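# Chain and residue survey
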Amino acid sequence: MYSGSCHAETESKRLKLKQKYSSCLPTSCNKETISEPNRKMIKFFLMVNKQGQTRLSRYYEHVEIHKRTMLEAEVIKNCLSRSKEQCSFIEYKDFKLVYRQYAALFIVVGINETENEMAVYELIHNFVEVLDRYFSRVSELDIMFNLDRVHIILDEMVLNGCIVETNKNRILAPLFVLDKMAES
C-alpha cells in the first residue's frame, strides 16, 4: 500500500542528496540548465598542427562559417604564440580557451567563463589517451586519414557541449564493434 509520508521522506532524501552532490557536476550540465542554448560547457573543440592547419573542429553551438574561420585563426594565433612556460588557460572574448600541446598538435577547447579549466584540461588528456589506445600511438596522419573515427571518439565523450563519458572502454566500444563488422 502506498504511503504518502514514505513518499515525502524519500523525496526529501533525494533533494538532500541532490544539493550535496550538485556542486560536483559541471554547472552547464545539470538538468535545470542543459536546455538553455547559451549555457553549454564546451563551445568548440579544435585540433591544430604547429603550422596552424585545423585537423579537427567540432562546434557545440551555431557559428557562421566566415566567423568560424576568423575565430579559428585568432584562437590558433593566440595559442601558438605562447611559450611552453605560460599557462594553458587564456581568457578570450566572452569565453576561456584551454589548450594542450602533444608533439606537433595542439588541442584547443573553448569553454564558458564559469567552467572548471582543470576538468577540461584533463578531458583533453583523456581524449588523447583514448586516441593512443585506439590507434596505438596516434599521429597527425592517423587523425587526417581516420577523421570519422576521431569524430566518433569525440562524440562518445562530449554531447551537446557537456562531458558525458570518460571511461576509455565505453568510449571505444562502438569503434571496436564497427571494426569487427568491417572484418566480417
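Residues numbered from 1 in each chain as written. Predicted model: local features only at pLDDT ≥ 70, side-chain atom pairs only at ≥ 80, totals over all residues. Heavy atoms only, no water.

Under an unreviewed UniProt entry, the protein has the name AP-4 complex subunit sigma-1 and belongs to Chelydra serpentina. Quoted verbatim from the Subunit (unreviewed entry) field of UniProt, the annotation for the protein is "Adaptor protein complex 4 (AP-4) is a heterotetramer composed of two large adaptins (epsilon-type subunit AP4E1 and beta-type subunit AP4B1), a medium adaptin (mu-type subunit AP4M1) and a small adaptin (sigma-type AP4S1)." The UniProt entry for the protein carries the following comment under Sequence similarities (unreviewed entry): "Belongs to the adaptor complexes small subunit family." (UniProt positions renumbered as here; feature names shortened; annotations may be inferred.)

### Here's the deal with the overall build of the protein
Along the backbone of the protein there are six helices and seven strands. Each helix (α) and strand (β) of the protein, taken in turn from the N terminus, gives the series α-β-β-α-β-β-β-α-α-α-β-β-α. Here the protein holds 184 residues, and the buried ones make up 35% of them. Considering only residue pairs separated by 6 or more positions, the protein has 49% of its internal contacts joining residues 24 or more positions apart. Of the roughly 11,400 Å² of accessible surface on the protein, a fraction of 55% belongs to carbon and sulfur atoms. (Helix = DSSP H or I, 4+ residues; strand = E, 2+ residues; numbered from the N terminus. Buried < 20%, exposed > 50% of the residue type's maximum accessible area, 1.4 Å probe, protein only. Contact = heavy atoms within 4.5 Å. Areas by Shrake-Rupley, 256 points an atom, 1.4 Å probe, with all protein chains shown as cover.)

### Points about helix H2 (residues 65-80)
The terminal C-alpha atoms of H2, which comprises 16 residues, lie 22 Å apart, in line with the 22 Å expected from a rise of 1.5 Å per residue. If you check which residues of H2 are buried, you get Leu-71, Glu-72, Val-75, Ile-76 and Cys-79. Down the axis, H2 shows its buried residues gathered within 125° of arc, on one side only. Among the structural elements, strand S1 (42-49), strand S2 (54-59), strand S3 (89-92), strand S4 (95-102) and strand S5 (105-111) are those in contact with the buried residues of H2. (Expected span 1.5 Å × (residues − 1). Arc of directions from axis to C-beta.)

### Brief notes about the environment of Thr-54
With respect to the helices and strands, the residue Thr-54 is situated in strand S2. In this structure the C-alpha to C-alpha distance between Thr-54 and Ile-76, which are 22 residues apart in sequence, comes to 8.8 Å. Those residues in contact with Thr-54, other than ones at most four positions away along the chain, are Met-47, Val-48, Glu-72 and Ile-76. Only 3.0 Å separates the side chain of Thr-54 from the side chain of Glu-72, close enough to count as a polar contact. (Polar contact = N/O pair within 3.5 Å; in protein donor to acceptor, adjacent residues only side chain to side chain.)

### Here we look at a nonpolar patch on the surface
On the surface, Leu-141, Met-144 and Phe-145 cluster together into a nonpolar patch covering about 330 Å² of accessible area. As for its placement among the helices and strands, Phe-145 is situated in helix H4 (residues 140-145). (Patch = residues over 30% accessible without salt bridge, like charges linked within 9 Å, V, L, I, M, F, W, Y side chains within 5 Å. Salt bridge = Lys/Arg side-chain N within 4 Å of Asp/Glu carboxyl O.)

### A closer look at the pattern of salt bridges
Pairing between side chains of opposite charge can happen when the charged atoms of each approach one another. Taken as a whole and judged by the stated rule, the model has eight salt bridges. Residue Arg-149 pairs with Asp-179 through a salt bridge whose shortest N-O separation is 3.2 Å. Placement of Arg-149 in helix H5 (residues 147-157) and of Asp-179 in helix H6 (residues 168-183) is noted, with a sequence separation of 30 residues between them. Taking relative accessible area as the criterion, Asp-179 reaches 23% and is therefore assigned partly exposed. The salt bridge partner of Glu-165 is Arg-170, with a shortest N-O separation of 3.3 Å.

### Side note on the environment of Glu-61
Among the secondary structure elements, Glu-61 is positioned in the loop between S2 and H2. Counting along the chain gives 21 residues from Glu-61 to Lys-40, while the straight-line C-alpha distance between them is 8.0 Å.

### Some words on the packing of helix H3 (residues 117-135) against H5
Helix packing geometry: the angle between the two helix axes and the distance between the axes. The interhelical angle for the contact between H3 and H5, taken along N-to-C directions, is 135°, at an axis separation of 11 Å. Put simply, H3 runs oblique to H5. Where H3 crosses over H5, the handedness of that crossing is right-handed. Contacts between H3 and H5 pair Leu-123, Asn-126, Phe-127, Val-130, Leu-131, Tyr-134 and Phe-135 from the former with Arg-149, Val-150, Ile-153, Leu-154 and Met-157 from the latter. For the contact of H3 with H5, the per-class residue count stands at ten nonpolar, one polar and one charged. (Axes fitted to C-alpha atoms, helices over the stretch in contact; angles between N-to-C directions. Parallel < 35°, antiparallel > 145°, perpendicular 65-115°, else oblique. Left-handed = near helix turned anticlockwise from the far one by under 90°. Nonpolar A, V, L, I, M, F, W, Y, C, P; charged D, E, K, R; others polar.)

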